[in-house]
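Letter by letter, the chains look like this.
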Amino acid sequence: MLTIPSVSTEQIDDFNKNGFLVIRNAFNDDDMIRIKSWTSELENTPEESGKQWLYHEKSKLNPETQLINRIEKISPFHDGFAELSKVLAKPTATLLDEEAVLFKEKINFKMPGGDGFKPHQDSQAGWEDYARYFISVMVCIDEATIENGCLQMVSGFQQKGLYREWEPLTDEDMADMEFIHCPTKPGDIVFFDCYTPHASEPNMSNKIRRLYFATYNKLSEGDHLEKYYADKYKTFPPDIDRIEGKEYIFRV
Ligand SMILES: O=C(O)CCC(=O)C(=O)O
């Protein structure tokens, strides 16, 4: 059984004030051996329509090379990640002050040459069609550094709520924001609010940076995982199910 991370009263206050919370060594070495082996297992499983969703990208270091960009919708097909998402729901419930239900999950691989993420708030990706509020938890699988594109977070701006949907943050939005690098080691976890501005740089180093993200909403706002993925499938299906010649645009 994986360790169940917990959050103290002081950490709840920090989360509410800053919009994010870093907990170092939330998972121990044994936990991380398991989580890393599950990740490699997924990476090496041949793609199959109707199973976990794989997306690829062109390497920024060598445009001839295709990289795994991310794998989504994992728990329904993998017992290990199903356990991880259940374990993470517990401290998230403490922060939500209510039982937490999984909304979506993914592993961002950010291999050497993998792209970064423009500054955004997660709810900008149309999440408010499903529920009002979400908390995501990041589990650091490989060390994330400034060089390989660790998360960058802005403190305090979650209190302003949603800027606008389907567009990343503009220079004007960001005029007063300070993006802080958030380097993490395997086993560290980061909780963040759906309105917390965040970003990350491409990985131009030679070290892979895999991070797992699970997003939850309050159970009282419903269980939307299946509907969310059914809707997303229509506009941004996994690579294996794409129609040749059709253009698919990642917006936020
Ligand atoms: O993996 C990262 O660096 C950031 C991920 C992120 O911001 C997102 O997927 O919304």
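Details of the structure are given in the entry above.
Right, let's walk through the structure included here.

## With respect to the sheet that holds strand E11 (residues 211-218)
The strands that make up a sheet pair up through hydrogen bonds in the backbone, lying either parallel or antiparallel. Spatially, E1-E9-E6-E11-E4-E3-E2 is the arrangement adopted by the seven strands of the open sheet, whose pairing is antiparallel. Sheet topology places strand E1 (20-23) and strand E2 (53-58) at the edges, where each strand pairs with a single neighbour. Strand-to-strand twist across the sheet, computed as the mean angle between neighbouring axes with direction ignored, equals 20°. Judged from the seven bridges that link them, strand E6 (residues 134-140) and E11 form a sheet pairing that is antiparallel. Paired with Met 138 across the bridge in E11 is Phe 213.

## Concerning the nonpolar core
Judged by nonpolar contacts, the single largest core of 55 residues is most densely connected at Phe 27, Leu 84, Leu 88, Phe 191 and Tyr 212. Here this core takes eight residues from helix H3 (residues 79-96), the largest share from any one element. Look past the residues within four positions of Leu 88 in its chain and what remains in contact with it is Pro 5, Phe 27, Val 137, Val 139, Tyr 212, Ala 214 and Tyr 216. If you look at the next biggest cluster of nonpolar residues, it comprises 12 residues, including Ala 144, Leu 151, Phe 192 and Leu 211.

## Quick word on the pattern of salt bridges
On inspection of all chains with the given rule, the structure shows 13 salt bridges. The salt bridge involving Arg 242 is made with Asp 239; its shortest N-O contact spans 3.6 Å. The class for Arg 242 is partly exposed, based on a relative accessible area of 25%. Assessed through its relative accessible area of 24%, Asp 239 is described here as partly exposed. Salt bridges sharing partners connect three or more residues here, namely Glu 43, Asp 142 and Arg 210.

## Observations regarding the sheet that holds strand E10 (residues 198-200)
Read across the sheet, four strands follow the order E5-E10-E7-E8 without closing on themselves; strand pairing throughout is antiparallel. Of all the strands in the sheet, just strand E5 (117-120) and strand E8 (179-182) have a single pairing partner and so form its edges. For this sheet, the mean angle separating the axes of adjacent strands, direction not counted, is 25°. When strand E7 (residues 151-154) meets E10, the two strands line up antiparallel, connected through two bridges. Looking at E10, one finds that Met 153 is bridged to His 198.

## Things to note about the packing of helix H2 (residues 29-44) against H3
Orientation of H2 relative to H3, taken along the N-to-C sense of each, is 130°, at an axis distance of 9 Å. Between H2 and H3, the angle is such that the two are oblique. Here H2 runs over H3; the crossing is left-handed. The residues of H3 that touch H2, namely those facing Arg 34, Ile 35, Trp 38, Thr 39 and Leu 42, are Gly 80, Phe 81, Glu 83 and Leu 84. Looking at side-chain class alone, the contact of H2 with H3 contains five nonpolar, two polar and two charged residues.

## Regarding the packing of aromatic side chains
Following the criterion strictly, the structure yields 15 aromatic pairs and no others. Ring geometry for Phe 103 versus Tyr 130: centroids 5.6 Å apart, planes at 55°, classification tilted. Pair noted here: Phe 103 is in strand E4 (residues 100-108) and Tyr 130 is in the loop between E5 and E6, with a separation of 27 residues, a long-range link. Owing to a relative accessible area of 0%, Phe 103 belongs among the buried residues under this scheme. Relative accessible area serves as the criterion here: at 15%, Tyr 130 is assigned to the buried category. Taking the centre distance of 5.7 Å and the plane angle of 80° together, the rings of Tyr 130 and Tyr 228 count as edge-to-face. Of the two residues, Tyr 130 sits in the loop between E5 and E6 while Tyr 228 sits in helix H4 (residues 225-235), which places them 98 residues apart along the sequence.

## Topic: the pairing of strand E3 (residues 66-72)
Regular strands show a simple pattern: their side chains alternate between the two faces of the sheet. E3 sits mainly inside the fold: six of its seven residues count as buried. Bridge count between E2 and E3: six bridges; the pairing is antiparallel. Directly across from His 56, in E3, lies its bridge partner Ile 68. The pairing of E3 with E4 spans three bridges and is classified as antiparallel. Bridge pairing in E4 links Glu 72 to Lys 106.

Basis of the calculations
Residues numbered from 1 in each chain as written. Predicted model: local features only at pLDDT ≥ 70, side-chain atom pairs only at ≥ 80, totals over all residues. Heavy atoms only, no water. Pairing = 2+ DSSP bridges. Helix = DSSP H or I, 4+ residues; strand = E, 2+ residues; numbered from the N terminus. Axes fitted to C-alpha atoms, helices over the stretch in contact; angles between N-to-C directions. Core = buried A, V, L, I, M, F, W, Y, C linked by side-chain atoms within 4.5 Å. Buried < 20%, exposed > 50% of the residue type's maximum accessible area, 1.4 Å probe, protein only. Contact = heavy atoms within 4.5 Å. Salt bridge = Lys/Arg side-chain N within 4 Å of Asp/Glu carboxyl O. Parallel < 35°, antiparallel > 145°, perpendicular 65-115°, else oblique. Left-handed = near helix turned anticlockwise from the far one by under 90°. Nonpolar A, V, L, I, M, F, W, Y, C, P; charged D, E, K, R; others polar. Phe/Tyr/Trp six-rings, centres within 6.5 Å; stacked < 30°, edge-to-face > 60°.

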